[in-house]
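Observations on chain architecture
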Amino acid sequence: MNAQEFRKKGKEMVDWIADYMENVDQRRVTPDVLPGYMRKLLPSEAPRKGEDWKNIMEDVETSIMPGITHWQHPNFHAYFPAGNSYPSILADMMADGLGIVGFSWAASPACAELEMIVLDWLGKMISLPPCFLHENGPTGGGVIQGSASDCILVSVLAARQKAIQSLKVLAPKMPEQLIMSKLVGYCSCMVKFDFA
């Protein structure tokens, strides 16, 4: 695909997305398929040559869309609120076009700094104390995690570190390995599945 074809297909994709978003309420909220449904719809081997875009989009409708849970459907009330809007889709397009890999400041200074500024905006909106804001020095601030699982892991690691520091104050001569061997995490079968 060259730049000229990308421009044409990109405009078609924006139209396809807009049509989907405008008509999502006409679709079934959750798929009516069984595990393995797609295997009989697609070839067992990868194509040797690229396919025509029209054929790919037909495959999307016949093979992919029947297995999609429509998180944007007005009757979908499960899991988490879906953070999808026309501005967020355009922002994703821009980020994808720039090919940003924002895992560190050196990898993308603008990405890292924008994240810190926007998180400060969010922190102020929800009235976080100033010590939680990036603008107040190296001990404040936060990061956007990639998933709920990542958020839970970071929270557990932070709680563990706080417990270790507290125990070191009470027993300064106790080795950290011994402290860690005494830590216990509690969980319930009622907890979110990726934490259990």
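Scroll up a little and you will see the structure.
Let me sum up the structure you'll find in this document. In this text the structure is predicted, and so the values were computed from the model without any measurement.

So, how was this worked out
Residues numbered from 1 in each chain as written. Predicted model: local features only at pLDDT ≥ 70, side-chain atom pairs only at ≥ 80, totals over all residues. Heavy atoms only, no water. Helix = DSSP H or I, 4+ residues; strand = E, 2+ residues; numbered from the N terminus. Rg over C-alpha atoms; globule rule 2.2 N^0.38 Å. Buried < 20%, exposed > 50% of the residue type's maximum accessible area, 1.4 Å probe, protein only. Polar contact = N/O pair within 3.5 Å; in protein donor to acceptor, adjacent residues only side chain to side chain. Contact = heavy atoms within 4.5 Å. Phe/Tyr/Trp six-rings, centres within 6.5 Å; stacked < 30°, edge-to-face > 60°.

1. Some thoughts on the overall build of the protein
Along the backbone of the protein there are 6 helices and 0 strands. Ordered by position from the N terminus, the helices and strands of the protein form the series α-α-α-α-α-α. Relative to its length of 196 residues, the protein is extended, with a C-alpha radius of gyration of 23 Å against a globular reference of 16 Å. Overall, the protein is about 70 × 40 × 40 Å in size when its C-alpha atoms are taken along their principal axes. Within the span of the protein, comprising 196 residues, buried residues form 13% of the whole.

2. Observations regarding the side chain of His70
For His70, the position within the fold is in the loop between helix H2 (53-64) and helix H3 (86-98). The exposure class of His70 is buried, given its relative accessible area of 2%. A polar contact of 2.7 Å, which involves the side chain of His70, links it to the side chain of Tyr20. Dropping the residues within four chain positions of it, His70 is found in contact with Tyr20, Val24, Arg27, Arg28, Val29, Met65 and Phe76.

3. Regarding the packing of aromatic side chains
The tally for this structure, following the rule as stated, stands at 2 aromatic pairs. An angle of 5 degrees between the planes, with centres 6.0 Å apart, marks the rings of Trp16 and Tyr20 as stacked. Of this pair, Trp16 and Tyr20 both sit in helix H1 (residues 3-23), 4 residues apart, roughly one helical turn. Under the relative-accessibility criterion, Trp16 is labelled partly exposed at 26%. You can call Tyr20 buried: its relative accessible area is 14%.

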